[in-house]
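# Descriptive analysis of the structure
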Amino acid sequence: MPPKSQTGHTRYEDGGAPTSYSEMLQLARAQWMAYRQYGSDLNWAPNIMEISRYKEQPPVAHNMPLFNNEKYQYAERPYYFGPSTMTGLDYDNINSISPDQEVEDIKWRVYDIKEYFSDPGFEYQKTLAHGGQGVALHYRHVRNAEQRDIVVKTSLRGWHSDVLQMEKRHTERMKGAAHVLQMIEPADVDIHRQMQAFHQKPDDDDSSVEGTTSGDDSIEERPPPKKLPHERTQEDQVARQSAWETQLQRWEADVARANMGAGRNDFMFLEYVEGGTLHTLVKRLREDAPGKRVSMIPNRVLWSLWLCMVKSCVAMKYPPRKFHPNRARPSDLINLHENEDLNEQVPPLKRRWRAKRMVHFDIDPSNIFIDNLEYPGTTPPSTPGPSTPASSSGRAASAKSLGKQPQKPAVKLRRARHGLEEHSLVPRLRLGDFGCSKVVKPHKRNLVYFRRRKVGKQGHLTPEQFAPEWDSMDEEFDSRTVSDWPVAGNYGSPMNVWQIALTMWCLITQNMSPIPPRPVVPPGLVMSKASIMTYGIDEIVRKHLEAQQQAQAGGFNPKMPRHSKISFCQLLMDDPRFSYIDTDLRQTLYECMYYRPDERPTVEGLLSQATRANKKTFPGENDEAVRRWDGIVE
């Protein structure tokens, strides 16, 4: 951590890198300003000649504008699926030498993993993918006449990984959730390893850790509120400091054991999903519609996929293992169905006070997986034939555009496990990769929220992370002002809502997420260059929206909060290419991408709406038409 700044102005060293907390904030202001204006890389680091770009820049005014008066027009970027890092690379042949040292490192890491998991009946299939943090391998477990495909995920850099351990903890919170990728216990696939305890490194100002609780979070009685920082006694402070130091000592002991070669072997087993990801699907759709054309998707498919994403957000706010009425209870052995999917539900109002403030931080098309179709009962129906070519209206996707081979069936089937048989026509989506997730706590130092600003993928960051409001943050190390702001640092369930809406936007438009993020000029508002120069877009938009609200309220004109009703959902409301999409869905996505998190729809409301919408009918979209489109599962 950078040292505390006493004067706020210290000399720059080491090529212009920040040497104090104050300078770290100054650099961040410069980085985020460049990101909002030009889409610059947030990892930009100045050299010695660029120090003046951020040196001694004080906090700016709190009322920074959202719109860039000179560059407010959105420029489309067709969805790009770059060359795969796996293409043409043989990670299983350690005898072949690659000139790329990174490839060599991955090959030996894969070899190490294969040696570690060489148990009888546990058969390696292939290396699936690797990223900055981890590597995923496809294995098949064979027991008697049964076989089960799973994914082994571990760190790319070695066996000891706190990041992977935290991902396991967050994934375990989602146990049983029907629309979340599930972990598999090693013993369930005959893998028996002695697992050492994991001790989380404590945050700088937080003695608590993100363990999984064993209590029943659906209880109705609300406990006394926790003390706020200013309400703690000296005795409270000493106890918290002692707990923090104990946790740090445990973590340091873990690191010491790892350095001596006696550390943990960290890994996790996950369900293997054959349908790929939405990332792959959007790529196929874009290939079938070059230029500014788009592949049209049936409304029934869109509403079904949206319902899946909404339910994954419900799972993060109300984890089924804690809130679902059919959850397993140790006192009720009849309900202990370990393999039963719990279809996410919103608990009764009197129990919602225990809602979790869990934020995924990394929801995007590459982290949403496409499962198989399901059938009710015990006997599968006859498998549909191959997908038919696209119709002239574009409402069915061609076999070629979805990467299908004509001899392959369009879908694979499995028996529905969660009781509602919702996915007999459209496959189920499963949210995965909880490596960036965090249960966010209120009333912490500004630094706690500041650290999470760059977590996730650029282009999928939310206003809570990129808001210009951040630039007014004071430079006092112990300040706690951010936790009370309406947008910046206000991490919670609305962030998940924003990211699933942006994911749906990528699917519908088949465009990359907008970089830089551009707010939308409300539909129907026409501005002249003269008015923009005179008043600025922010003021013009505010007056326009207040006039609309006044008209709707019969003349009553309450003062709107700053930046109220400003959406970042481009194209859907005014581009004729998307006029075929249900107006209710377009309006919902538009509102889910409002700048202010308190104005976005709640997951409770979204679940109710999407459940009703999945019963809608649309012209030309009978069951057979949807089946013809369904080439999205390999």
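The model shown is predicted, which means the values in this text are computed figures rather than measured ones.

Helix and strand content of the protein: 15 helices and 11 strands. The buried share among the 634 residues of the protein stands at 49%. Here the analysis covers contacts within the protein between residues at least 6 apart in sequence; of these, 77% occur between residues at least 24 apart. Taken as a whole, the protein presents about 30,200 Å² of accessible surface, with 52% of it coming from carbon and sulfur.

Once that is clear, we can look at the packing of aromatic side chains. Within this structure, the stated rule accounts for 24 aromatic pairs. The interplanar angle of 70 degrees and the centroid separation of 5.6 Å between the aromatic rings of Tyr 124 and Tyr 139 together place this pair among those described as edge-to-face. One end of the pair, Tyr 124, is in strand β1 (residues 122-130); the other, Tyr 139, is in strand β2 (residues 134-143), and 15 residues separate them in sequence. An aromatic cluster is present here, built from Tyr 116, Phe 117, Phe 122, Tyr 124, Tyr 139, Trp 159, Phe 267 and Phe 269 joined pairwise through their rings. Just above the ring of Trp 159 sits the side chain of Arg 109; from NZ or CZ to the centre is 4.3 Å.

This part covers helix α12 (residues 537-552). Along an α-helix, residues three or four apart share an orientation, since each turn contains 3.6 residues. Compared with the 22 Å implied by 1.5 Å per residue over 16 residues, the 23 Å span of α12 between its first and last C-alpha is a close match. By the burial criterion, the buried members of α12 are Ile 537, Asp 538, Ile 540, Val 541, His 544, Leu 545 and Glu 546. Where α12 is buried, its residues touch α11 (529-535).

Another aspect to go through is empty space enclosed by the protein. One pass over the structure, following the stated rule, counts 5 cavities of 30 Å³ or more. What the second largest cavity holds in volume is close to 80 Å³. Looking at the second largest cavity, the residues that line it are Tyr 35, Gly 459, Leu 461, Phe 466, Trp 498, Leu 502, Pro 514, Pro 517, Arg 518, Phe 568 and Met 593. Along the lines of polarity and charge, the residues of the lining of the second largest cavity split into 9 nonpolar, 1 polar and 1 charged.

This part is about the sheet that holds β1. The strand order across the open sheet formed by 5 strands is β1-β2-β3-β5-β4, and the pairing between neighbours is antiparallel. Single-partner strands in this sheet number two, and they are β1 and β4 (183-184). Of the strand pairs in this sheet, β1 and β2 are connected by 7 bridges, and their pairing is antiparallel. Its bridge partner being in β2, Phe 122 is matched across the sheet by His 141. Helix-sheet contacts for helix α2 (residues 101-116) involve β1, β2, β3 (146-155) and β5 (267-271), and the interaxial angle to β2 is about 30 degrees. Contacts from helix α3 (residues 162-173) reach β3, β4 and β5, with the element oriented near 40 degrees to β5.

All right, on to helix α14 (residues 603-613) then. The complete set of buried residues in α14 reads Val 603, Glu 604, Leu 606, Leu 607, Gln 609, Ala 610 and Ala 613. Where α14 is buried, its residues meet α6 (299-317), α10 (493-509) and α13 (583-592).

Interpretation of this model should avoid reading the predicted coordinates in detail wherever pLDDT is low. On average, residues of the protein score 78 in pLDDT, and 74% of them reach the 70 mark or higher. For residues 1-14, every residue scores under 50 in pLDDT, and the model assigns this stretch 32 contacts once sequence neighbours within four places are set aside. In this model, residues 383-413 is a region of pLDDT below 50 whose contacts with residues beyond four sequence positions or in other chains number 67 contacts.

Moving on, we come to the packing of α6 against α10. Put simply, α6 and α10 touch, their axes get as near as 10 Å, and they point 160 degrees apart. Compared by their axis directions, α6 and α10 come out roughly antiparallel. Our pair here, α6 against α10, has a crossing hand that is right-handed. Contact with α6, carried on its side by Leu 302, Leu 305, Trp 306, Met 309, Val 310, Cys 313, Met 316 and Lys 317, involves Ser 493, Asn 496, Val 497, Ile 500, Ala 501, Thr 503, Met 504, Leu 507 and Ile 508 of α10 and no other residues of that element.

Reading the values: the criteria
- Residues numbered from 1 in each chain as written.
- Predicted model: local features only at pLDDT ≥ 70, side-chain atom pairs only at ≥ 80, totals over all residues.
- Heavy atoms only, no water.
- Helix = DSSP H or I, 4+ residues; strand = E, 2+ residues; numbered from the N terminus.
- Buried < 20%, exposed > 50% of the residue type's maximum accessible area, 1.4 Å probe, protein only.
- Contact = heavy atoms within 4.5 Å.
- Areas by Shrake-Rupley, 256 points an atom, 1.4 Å probe, with all protein chains shown as cover.
- Phe/Tyr/Trp six-rings, centres within 6.5 Å; stacked < 30°, edge-to-face > 60°.
- Lys NZ or Arg CZ within 6 Å of the ring centre and 35° of its normal.
- Expected span 1.5 Å × (residues − 1).
- 1 Å grid on protein atoms, 1.4 Å probe; cavity = no way out; pocket = protein on both sides within 12 Å on 5 of 7 lines; lining within 4 Å.
- Points joined across faces, edges and corners; volume = space filled by probe spheres on them.
- Nonpolar A, V, L, I, M, F, W, Y, C, P; charged D, E, K, R; others polar.
- Pairing = 2+ DSSP bridges.
- Axes fitted to C-alpha atoms, helices over the stretch in contact; angles between N-to-C directions.
- pLDDT = per-residue confidence, 0-100.
- Parallel < 35°, antiparallel > 145°, perpendicular 65-115°, else oblique.
- Left-handed = near helix turned anticlockwise from the far one by under 90°.

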